[in-house]
Amino acid sequence: MDIKKNILSIKANLPDNVKLVAVSKTKPNEDILTAYNAGHIIFGENKVQELTKKHEELPKDIQWHFIGHLQTNKVKYIAPFVSMIHAVDSLKLLRAINKEAIKNDRKIEYLFQLHIAEEESKFGLTLNKLEEIICSEEFKQIKNVNLRGLMGMATYTNNIEQIKNEFGGLKKQFDQIKAKYFAEKHDFNELSMGMSSDFELAVKNGSTMVRIGSTIFGERNY
Ligand SMILES: *Cc1c(COP(=O)(O)O)cnc(C)c1O
């Protein structure tokens, strides 16, 4: 894999308003440094232990995005440095993030994850559940976190129509939530959707953040 070439060509082809999260999970530090030395600083990880280790060992100006399912009791390990948490799917988790953000005297950026895929295995909130959280008293009181938008994952399928519908549906829900609750909140403006196999479709459907791993770094061996 020519990591430098891959990352530069993906970035050259993304619209200006779309950010690239280079998903480096399972990949060694030297691969991350290759991308970093090509001028990239946003990386995504989905395991707490792996992320904290990489954060310790790699340049401090890297912006680390946590993109996986996060357990409440592990928030404390990433709260001091994490740049954005993509997949908040409960008030309980948000409460834990806020608590750790207070301890670290910082504000942590996050996205709510909506469930858009057909598969039951994928995490995420229903629109109803999301609105329930947004309307709760506790949500309004939480001050050390900053909601930047929504995230979703499409079904893993070759059916392009289905993926299009799922991304289109998420974009519609994003617009609805924004209009209904955050019309005045100008930094509620991120929609994290799209991975190696489907990011072009995601961008066409309004993604502002794509999370790309294997197309940059090669297939993962677990
Ligand atoms: C692994 C992962 C990605 C990247 O997947 P690729 O297919 O390698 O691009 C994106 N988002 C999440 C949440 C992931 O866990």
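Residue numbers run consecutively from 1 along every chain, following the written order of its sequence. Reporting in this predicted model follows two pLDDT cut-offs: at least 70 for local features of residues, and 80 or more for side-chain atom pairs to be given and counted; totals over whole chains, interfaces and linings ignore these cut-offs and use all residues. Computation of side-chain values covers all heavy atoms of the structure but excludes hydrogens and water.

### Some details on helix 8 (residues 160–181)
Spelled out, the test is: Helical segments are the DSSP runs of H or I of at least four residues, strand segments are the runs of E of at least two, and each set is numbered from the N terminus. Multiplying 1.5 Å by the helix residue count minus one yields the expected span of that helix. Think of it in three bands: residues with accessible area under 20% of the maximum for their type are buried, residues over 50% are exposed, and the middle band is partly exposed, with areas taken using a 1.4 Å probe on protein chains only. In this context, the arc is that of the directions from the helix axis out to the C-beta atoms. Any pair of residues with heavy atoms lying within 4.5 Å of one another is described as a contacting pair. Here a polar contact is taken to be a pair of N or O atoms separated by no more than 3.5 Å, where protein atoms must pair a possible hydrogen donor with a possible acceptor and residues adjacent in sequence count only if both atoms sit in side chains.
A rise of 1.5 Å per residue sets the reference length of helix 8, with its 22 residues, at 32 Å; its end C-alpha atoms lie 31 Å apart and thus fit the reference within 8%. Looking at helix 8, one finds that the buried residues are Q162, I163, E166, F167, L170, F174 and I177. The buried side chains of helix 8 occupy one side of the element, clustering within an arc of 130° when seen end-on. Looking at helix 8, the residues exposed on the side facing more than 90 degrees away from the buried face are N165, K172, A179 and K180. Buried residues belonging to helix 8 abut helix 6 (127–135), strand 6 (145–151), strand 7 (190–192) and helix 9 (199–204). Put simply, N159 is the residue that caps the front of helix 8, since its side-chain oxygen is 3.1 Å from the backbone nitrogen of E161.

### Describing the packing of aromatic side chains
What counts here: Here the aromatic set is Phe, Tyr and Trp, taking the six-membered ring for Trp, and pairing holds for ring centres within 6.5 Å; pairs whose planes are under 30 degrees apart are stacked, those over 60 apart are edge-to-face, and all others are tilted.
Going through the model one piece at a time under the given rule, you end up with six aromatic pairs. The interplanar angle of 15° and the centroid separation of 5.1 Å between the aromatic rings of F174 and F188 together place this pair among those described as stacked. With F174 in helix 8 and F188 in the loop between helix 8 and strand 7, this pair connects stretches of sequence that are 14 residues apart. Since its relative accessible area comes to 6%, F174 is described here as buried. Clustering of aromatic rings is evident, with ring pairs tying together F174, Y181, F182 and F188.

### Topic: the site of the ligand
Applicable threshold: Only a single heavy atom is needed: when it lies within 4 Å of a molecule or strand, its residue is near that molecule or strand. Using the Shrake-Rupley algorithm and a 1.4 Å probe, accessible areas are obtained, with residue cover drawn only from the displayed protein chains. Three classes are used, and their members are as follows: Ala, Val, Leu, Ile, Met, Phe, Trp, Tyr, Cys and Pro are nonpolar, Asp, Glu, Lys and Arg are charged, and the others, Gly among them, are polar.
Neighbouring the ligand are the residues V23, K25, I67, M153, M195, S196, R211, I212, G213, S214 and R220. A distance of 2.5 Å separates an oxygen atom of the ligand from a polar side-chain atom of S196. Within the backbone of S214, one N or O atom sits 2.8 Å away from an oxygen atom of the ligand. Expressed as a share of its isolated accessible area of 390 Å², the protein-covered part of the ligand is 91%. Here the residues of the shell around the ligand are counted per class, giving five nonpolar, three polar and three charged.

### Quick word on the environment of K129
Topologically, K129 is positioned in helix 6. Considered as a pair, K129 and Y36 are 93 residues apart in the sequence and their alpha carbons are 38 Å apart.

### Quick word on the nonpolar core
The condition that has to hold: Buried Ala, Val, Leu, Ile, Met, Phe, Trp, Tyr and Cys residues form a nonpolar core when they are joined through side-chain atoms within 4.5 Å.
The biggest cluster of nonpolar side chains holds 64 residues, and the ones touching the most others in it are I85 and F112. At six residues, the largest contribution of residues to this core is made by helix 5 (residues 91–103). Ignoring sequence-local partners within four residues, the contact set of F112 consists of H86, V88, L94, L125, L130, I133, I134, F139, L147, G149, L150 and M151.

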